[in-house]
Structure formats: structure tokens, C-alpha cells
Amino acid sequence: MSDLSQIKGINARQIKLLQENGVSTAEALAMSPLNIVSDIDGLGDKTAKKLIWNARNALGMTEFISASEIDENIEYFTTGSSELNKILGGGFQTGKLTEVYGPFKSGKTNLAHTIAVTIQLPKESGGLDCAAAYIDTENTFSKDKIKRIANRFGLDEEQVLSKIYHARIYSSDHQSQMIMKAETLCKTRNVRLIVLDSLMALLRVEYVGIGSLAKRQGVLNNMIHGMSRIAETYNCAVLLTNQVATKMAGMFSANDAIGGNIVAHGCHFRVMFKTKGFSSNNSLKRRAVIVDAPDLPPEECEFYITSAGIADTDKVELPESQESDLEFEIESLYEESKVSSEAVANSADSSDVPLTNVKGIGKGTAESLKMNGITSIDDLLSAEPDGLSAKISGVSSTMVGEWQRSAKVLISP
Ligand SMILES: Nc1ncnc2c1ncn2[C@@H]1O[C@H](COP(=O)(O)OP(=O)(O)O)[C@@H](O)[C@H]1O
Ligand SMILES: [Mg+2]
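Treat the numbers as computed from the prediction; the structure is a model and nothing was measured. (Residues numbered from 1 in each chain as written. Chains lettered and ligands numbered in written order. Predicted model: local features only at pLDDT ≥ 70, side-chain atom pairs only at ≥ 80, totals over all residues.)

Caption draft 1: Seen up close, the overall build of the protein chain. Helix and strand counts for the protein chain stand at 18 helices and 13 strands. Classification of the 413 residues of the protein chain by burial places 40% in the buried group. Across the protein chain, the fraction of contacts at a sequence separation of at least 24, relative to all contacts at a separation of at least 6, is 66%. (Helix = DSSP H or I, 4+ residues; strand = E, 2+ residues; numbered from the N terminus. Buried ≥ 20, exposed ≤ 12 C-beta atoms within 10 Å, placed from the backbone. Contact = placed C-beta atoms within 7 Å.)

Rendered as C-alpha cells:
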């Protein structure tokens, strides 16, 4: 890495401004988009352009090189599932952005936890002997889960925890800020993996409606660019998790990841996680599909979610001493909330009755329905069973019909 002070014509004030805005090396400046640097208060268009060009000059980025001299240096580390490693071309890759999208409970957060540990493994065991940064926008990070994964891989729990730098995020602006901060960790703490779980959750609630779409995409673009640059500069792996939506401003087709083209084009690898019939049983089997990758065939594989992260089977081998600690409860997807019929009868109209009161709809299913625009009993009753079942994995149109029948009973006076 080269110091900003090595750039021709830069002064101390400009160095300070750049550093305050997360651009702390000549490489970072040289790879930053012009509009982002121009937007820094106190720099201006002309200065920004001059400094970026000078930075590129200083780094030899203004010459073509022979392809034989390209330094690829891609490294891989294990995802915890050899099948998933295989379809990813050898494991989770450094230097690139990987987007994993899928419905609620499809295993995205489990993958995030697993690789935050496996990157710490020694190289001969499938790791890179490096640390991880974990940007947590949904408050789903679990120390216990990390400990179980550490044990599974024979690593020391406390040591593993100490090498995961965690930030709980409360707004999209905070998210942008901490993405830039993560760069410092790459520089000083040997971080080679940045997890952002999840990319869109906060943006989605802060920028609602078609009117704010342009603004939201601008913020998103800067985040993706920032992470892409960090990935390349530090040969760092980046995992972005994303939700799926079926209806959003008419922009996306069924089961598309949210975020639109900016995310689709900004990520090198796009992997879809699917739940297999999880509404009908408690199976923790999942499917991963390579949706888009520059040099990988469109393959798919199966994997499992276990108490100790992503694996090839539902029985992960644990050191004997740990096994007894590993009792866990698989969350019941069918927790039917028992609301008294009185409460239902007293509610003013059907829009006040929560979906979880409908027989067969638990919390998880209600969440999946919500993601598909079904937030009330009225929405449910007006949904087309075939159409809805096609959008939610594991839900048949017969099931939707059953729900509608129960819903009708529920709201009839
Ligand atoms: N300790 C555990 N053991 C086995 N499965 C678990 C455990 N904890 C959570 N799960 C399962 O993992 C799934 C949630 O995975 P998660 O990675 O959080 O999904 P996502 O982030 O895609 O919403 C749920 O189906 C849940 O039952
Ligand atoms: Mg999650």
C-alpha cells in the first residue's frame, strides 16, 4: 500500500479530508469513482480529478500491461460444505464480491457465521489464517453459534471470537460508514473477509416507494463500489447477503434479489439459496444455485444447516467433549400463536387480525408471505393460490386454499 503523501501535488489538508472520508491510501484514491471524491466537502471537481489521476500515475495504472503479467492471486477458503465449495470453483473466493440471496431461513446468516470462522483456519485446513469483519444490520449475529462452529473446526472459541470484528448497524448511513471503516481493519488487523448481513434490509425500510428509488440506488452504488474496491485492493473476500422480493415497483421478476441492476452487476458471483419444502417439515436441507459467475457453470448443490453452521450432512462431527453442549432446538416453524377467539371477535375488521392466527401459518410463513406482499387477512383472501404458491418455496396451492378457508372462518362474524 502506498501513502497518500506520495501523490504528486497533494497537500496536508487534502490528505486529511480524504482520510476522514475513508480514502486512506493512494490505491484507494486511484480506484475511487470521481463523483464520490468530488463530493467530499472542501475538495471540488477539479482537485478531485487531478489527485485521482496523479494517484493512478504514481501506481502505474495508466499503462496497459501484457496479460501474462496480470497478478490474479485468487485464494479460496472453505464454506463448511465441500459441495458448495465445489460449485463455487474451490471455495469462497478472495478479491471479489459474492452475493448470496434467498428467502427467509434459507441459510444466509448461517453461511456468514461459518465463513467468519473458516477463514481463520490454517491454510492446510482450508482457511487463510486471517480475521473477519462482520457488519450486522439485522441483529442476527450469535456468539454461541460462532463458538459451536469454532469447536467443530477444532479452533479455540475465544481466539476465534477475538478475530471477528463485529459492528451492529442501525441505519443505511451507518452501514456506509462502517463499510469504509472495514478498510482500516484490512490494513491493520489482517482482515480478509467482510460479511455484510444483509445488504438491503435497512435501505429497504429507509427508502420506500418509487420516488426515492434513484436516491436509494445511488447510496447502494457507492456501497457496492466501496466494497469492490476494498476487495480488490486487499485481496479480501466479501459476502453480501440479500433478501428476495417478488413485487417491488414492478422492477423485479419472481424471486429476484432486491437491489436491482446495481447489485446484479456489481457482484462477481451471485448464488441463490433455496429452502426445500421447509413449510411442510423441519428439514434443514438447502439448495444452492450458481446464478451468475464469470467463469463458473450454472451448477447447483445441496447442503445442510446445522447447529454448527453450513455442512454437507446434518450430522457434523464434533470433538467428543463438545457434543453434550450441542443440544439446540430447531425453531418451530409452526408456532401457532394462540389468540383467544374473543380478541379476534373484538377486532374492528379483518385487517386487524394477524396472519399468524390463521391455522397453518406460523411466524416464518407469515414472514415469507409478507415478503410477497401478503400482510393482512384481506391480502391473503384476494391472493391467487397458484400464483402465491409459485412464489414461496414449499407452499402448495392446496395449502394456500386451506389458509384461505381458515381465514374466512376466522373473520366471519
Ligand atoms: N442451532 C441450530 N441448529 C440447526 N438449525 C438451526 C439452528 N439455528 C437456526 N437453525 C435453522 O437455520 C435456519 C435459519 O437460517 P439463517 O441462516 O438464519 O437464514 P437466513 O439468514 O437466510 O434467513 C432456520 O431454518 C433454523 O431453523
Ligand atoms: Mg439472516
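Caption draft 2: Expanded view of the packing of helix α9 (residues 172-188) against helix α11 (residues 213-234). Contact geometry of α9 with α11 gives a least axis separation of 10 Å together with a crossing angle of 10°. Regarding the angle of α9 to α11, the classification is roughly parallel. Note on element contacts: α11 touches α9 through V219, N222, M223, G226, M227, I230 and Y234, opposite S172, Q175, S176, I179, M180, A182, E183 and C186. Residues of the contact of α9 with α11, tallied by class, amount to nine nonpolar, five polar and one charged. (Axes fitted to C-alpha atoms, helices over the stretch in contact; angles between N-to-C directions. Parallel < 35°, antiparallel > 145°, perpendicular 65-115°, else oblique. Nonpolar A, V, L, I, M, F, W, Y, C, P; charged D, E, K, R; others polar.)

Caption draft 3: Region of interest: the nonpolar core. By size, the foremost hydrophobic cluster in this structure holds 74 residues, and its most contacted members are A116, A132, V191, L193, I194, V195 and C236. At seven residues, the largest contribution of residues to this core is made by α11. Sequence-distant contacts of C236, defined by excluding residues within four places in its chain, comprise T94, C186, V191, R192, L193, I194, I230 and A231. (Core = buried A, V, L, I, M, F, W, Y, C linked by C-beta atoms within 7 Å.)

Caption draft 4: Region of the structure containing unusual backbone geometry. Residue S198 is bonded to the preceding D197 through a cis peptide linkage, with omega at 0°. In this structure, N73 takes a positive phi of about 45° despite not being glycine. Its place among the elements puts N73 in the loop between α4 (45-58) and β1 (76-77). A positive phi angle, near 60°, is found at D129, a position not held by glycine. Within the secondary structure layout, D129 lies in the loop between α6 (108-118) and β4 (131-136). C-beta crowding within 10 Å serves as the criterion here: with 15 such atoms nearby, D129 is assigned to the partly exposed category.

Caption draft 5: Geometry of the packing of α6 against helix α7 (residues 143-152). Packing of α6 against α7 brings their axes to within 9 Å, and their N-to-C directions diverge by 50°. In terms of orientation, α6 lies oblique with respect to α7. As α6 runs across α7, the sense of the crossing is right-handed. Facing α6, whose interface residues are H113, T114, A116 and V117, α7 presents K145, I146, I149 and A150. For the contact of α6 with α7, the per-class residue count stands at five nonpolar, two polar and one charged. (Left-handed = near helix turned anticlockwise from the far one by under 90°.)

Caption draft 6: Expanded view of the sheet that holds strand β12 (residues 300-306). Strand order in this open sheet of nine strands is β5-β4-β6-β7-β3-β10-β11-β12-β13, and the pairing throughout is mixed. At either end of the open sheet lies a strand with only one pairing partner, and these are β5 (164-168) and β13 (309-311). Between one strand and the next, the sheet's axes are offset by a mean angle of 25°, whatever the strand orientation. Pairing of strand β3 (residues 97-101) with strand β10 (residues 269-275) involves four bridges; the strand directions are parallel. (Pairing = 2+ DSSP bridges.)

Caption draft 7: Local environment of the environment of D3. Mapped onto the elements, D3 comes out in the segment before α1 (12-20). Once the C-alpha coordinates of D3 and S24 are considered, the two residues, 21 residues apart in sequence, prove to be 7.6 Å apart.

Caption draft 8: Local environment of the confidence of the model for the protein chain. Averaged over every residue, the pLDDT of the protein chain is 85; the share at 70 or more is 87%. Note on residues 247-254: pLDDT under 50 across the span, and eleven contacts to partners over four residues away in sequence or across chains. Here residues 323-348 is modelled with pLDDT under 50, and outside its nearest four sequence neighbours on either side it reaches 26 contacts, counting other chains as well. (pLDDT = per-residue confidence, 0-100.)

Caption draft 9: Just the environment of K408, in detail. Structurally, K408 can be placed in helix α18 (residues 397-411). Residue K408 is classed as partly exposed on the basis of its C-beta count, with 14 C-beta atoms lying within 10 Å. Here the alpha-carbon distance between K408 and I377, two residues 31 residues apart in the chain, equals 8.5 Å.

Caption draft 10: Molecular detail of α18. Given a rise of 1.5 Å per residue, 15 residues ought to cover 21 Å, and the 21 Å separating the end C-alpha atoms of α18 matches this to within 8%. Those residues of α18 lying buried are V400, W403 and A407. End-on, the buried residues of α18 take up no more than an arc of 60°, which puts them together on one face. Turned more than 90 degrees away from the buried face of α18 sit T398, R405 and V409, all of them exposed. (Expected span 1.5 Å × (residues − 1). Arc of directions from axis to C-beta.)

Caption draft 11: The arrangement of α4 in detail. Taking 1.5 Å per residue, 14 residues should reach 20 Å; α4 reaches 20 Å between its end C-alpha atoms and fits that length. Within α4, the full set of buried residues consists of A48, L51, I52 and A55. In a view along the axis of α4, the buried residues occupy a sector of 100°, so they form one face of it. Here the buried face of α4 lies against α1, α2 (26-31) and α3 (34-38). Phi turns positive, to about 70°, at G60, one or two residues after α4.

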